Structures are given as structure tokens and as C-alpha cells.
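Summary of the model geometry
What follows is each chain in one-letter form.
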Amino acid sequence: MIKELNAASKKIHDICVQGENELWSFNQLIDKLSVEVKVHGVPFPTLMFIEIVEQFIEERPQRRKREELDETDLQEGYERVSEKWIN
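One structure accompanies this document, and this report is about it. (Residues numbered from 1 in each chain as written. Predicted model: local features only at pLDDT ≥ 70, side-chain atom pairs only at ≥ 80, totals over all residues. Heavy atoms only, no water.)

Working note: non-glycine residues mostly have negative phi, and peptide bonds are mostly trans. With a phi angle near 60°, Leu 23 is a residue other than glycine that sits in the positive phi range. Backbone geometry places His 40, a non-glycine residue, at a positive phi of 55°. Locating His 40 in the fold gives a position in the loop between β1 (38-39) and β2 (42-43). (Helix = DSSP H or I, 4+ residues; strand = E, 2+ residues; numbered from the N terminus.)

Counting 13 residues, the largest nonpolar core has Cys 16, Leu 33, Val 37 and Phe 49 as the members making the most contacts within it. Elements that contribute at least two residues to this core include exactly α1 (2-21), α2 (26-36) and α3 (46-58). Among the elements that line this core, the one with the most residues is α1, at four residues. For Phe 49, the contacting residues outside a window of four places in its chain are Ile 12, Ile 30, Leu 33, Ser 34, Val 37 and Phe 44. (Core = buried A, V, L, I, M, F, W, Y, C linked by side-chain atoms within 4.5 Å. Buried < 20%, exposed > 50% of the residue type's maximum accessible area, 1.4 Å probe, protein only. Contact = heavy atoms within 4.5 Å.)

This is the structure:
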């Protein structure tokens with residue numbers, strides 16, 4: 001059961017990312033989720049998808065921040081954490 005729920009979670013995330021990247025309407029996103037995401041052949045309730053999409057939207061700033069990391073951010077992070085690792 002847990003394996004199926006994890007697979008559904010990944011599928012939901014992948015569909016939301018695709019919809020965000022391709023600028024789908026909200027209705028298109030919910031329709032796609034309703035058709036493609038099922039556990040043991042049973043679709044999730046629409047209200048659950050709405051709540052999941054709302055959380056996905058709230059996490060958008062963190063996702064974008066991760067996408068915008070550059071070499072400087074990487075180097076600074078490496079230096080900061082590597083010092084802690086040794087000590």
C-alpha cells in the first residue's frame with residue numbers, strides 16, 4: 001500500500017510540475033490528475049487534489065529558489081558546510 005501511495009505522490013508532483021511549466025489552466029491540471037492518478041484503480045477525491053495543488057503552489061518559492069542556484073551559491077554552501085563537517 002505504501003509503495004502505491006509513494007508512486008501516486010510522485011505522479012502528482014510530476015503532473016503538477018508539467019502543468020506549471022506548460023501553463024495549464026487549473027481545470028486542465030485537475031482533469032489530468034483525476035484521470036492519471038489512482039491507487040489500486042481508485043482515483044483520489046477532487047477536494048484532495050485541490051488541497052494538494054494548493055500546497056504545491058505554496059511551495060513554489062522554494063522550488064524556484066532551488067532552480068536559481070548558481071556556482072557562487074554552491075561554492076558558499078560547500079565552504080560553510082564542509083567546515084562544520086570536519087569540526
